[in-house]
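Letter by letter, the chains look like this.
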Amino acid sequence: MQINNNIFEKLNKSKFRSSFHLKQKDFDYISAKGLDKITVHARDFVDSRLTDTSKFVDSKQTPMHGHPVFIAQHATATCCRDCLYKWHHIEPTHILTAPEQEYIVSIIMQWITNEINNKK
């Protein structure tokens, strides 16, 4: 799956989604760990919290704070399977495929990169 750049325009029009931004402690954490490590964290979170719907109660698996990836997930509507369906048209009833997982990680990391670039 490839990122549709219109998705960021749509997300920015949402009052809720556009209200999420990284805080200084998030930028510090990213700086300390590096984007490669943050990408690993994103893959781990997607795999453990979104891939197999039998492992969680949907809409309860992603905290609202505590890690830059969690903030990015809420900002990009990749926080739960309901949001993935509504915003990204990924069916909520199957185990995510590798391309779907990589698409989700790509969206998250693009949002984080945009936040870093907008801070400068």
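Residues numbered from 1 in each chain as written. Predicted model: local features only at pLDDT ≥ 70, side-chain atom pairs only at ≥ 80, totals over all residues. Heavy atoms only, no water.

Asker: Describe the packing of helix H2 (residues 24–33) against helix H6 (residues 98–119), listing the residues and the values that go with them.
Answerer: One can describe the packing of H2 onto H6 by two numbers: an axis separation of 12 Å at closest approach and a directional angle of 110 degrees. Looking at the two axes, H2 sits roughly perpendicular to H6. Residues Gln 24, Phe 27 and Ile 30 of H2 lie in contact with H6, whose contacting residues are Ile 112, Glu 115, Ile 116 and Lys 119. (Axes fitted to C-alpha atoms, helices over the stretch in contact; angles between N-to-C directions. Helix = DSSP H or I, 4+ residues; strand = E, 2+ residues; numbered from the N terminus. Parallel < 35°, antiparallel > 145°, perpendicular 65-115°, else oblique. Contact = heavy atoms within 4.5 Å.)

Asker: Please provide a residue-by-residue account of the layout of surface pockets, values included.
Answerer: Put simply, the largest pocket is a space of about 160 Å³. Phe 8, Leu 11, Asn 12, Arg 17, Ser 18, Phe 20, His 21, Ala 75, Trp 111, Asn 114, Glu 115 and Asn 118 are the residues that line the largest pocket. Secondary-structure elements contributing two or more residues to the lining of the largest pocket are helix H1 (6–13) and H6. The element best represented in the lining of the largest pocket is H6, accounting for four residues. Taken together, the residues of the lining of the largest pocket break down into five nonpolar, five polar and two charged. (1 Å grid on protein atoms, 1.4 Å probe; cavity = no way out; pocket = protein on both sides within 12 Å on 5 of 7 lines; lining within 4 Å. Points joined across faces, edges and corners; volume = space filled by probe spheres on them. Nonpolar A, V, L, I, M, F, W, Y, C, P; charged D, E, K, R; others polar.)

Asker: Run through the state of the cysteines, naming residues and quoting values.
Answerer: One pass over the full model with this rule turns up zero disulfides. Cysteine Cys 79 remains unbridged, with the sulfur of Cys 83 as its closest cysteine sulfur at 3.7 Å. Using a relative accessible area of 5% as the deciding quantity, one classes Cys 79 as buried. For the unlinked cysteine Cys 83, the closest cysteine sulfur is that of Cys 80, found at 3.5 Å. Judged by its relative accessible area of 13%, Cys 83 falls in the buried class. (Disulfide = S-S within 2.5 Å. Buried < 20%, exposed > 50% of the residue type's maximum accessible area, 1.4 Å probe, protein only.)

Asker: For the nonpolar core, give the residues involved together with the corresponding values.
Answerer: By size, the foremost hydrophobic cluster in this structure holds 34 residues, and its most contacted members are Ile 104, Ile 108, Trp 111 and Ile 112. For this core, the elements supplying multiple residues, two or more each, are H1, H2, helix H3 (35–49), helix H4 (68–75), helix H5 (81–88) and H6. A total of nine residues in this core trace back to one element, the largest contributor, which is H6. Among all residues touching Ile 112, those that are not within four sequence positions of it are Leu 22, Ile 30, Leu 35, Ile 38, Pro 68, Val 69 and Ala 72. (Core = buried A, V, L, I, M, F, W, Y, C linked by side-chain atoms within 4.5 Å.)

Asker: With reference to specific residues and values, describe H5.
Answerer: Taken together, the buried positions of H5 are occupied by Arg 81, Cys 83, Leu 84, Trp 87 and His 88. Looking down the long axis of H5, one finds its buried residues gathered within 155 degrees of arc, a one-sided arrangement. Against H1 and H6 lie the buried residues of H5. (Arc of directions from axis to C-beta.)

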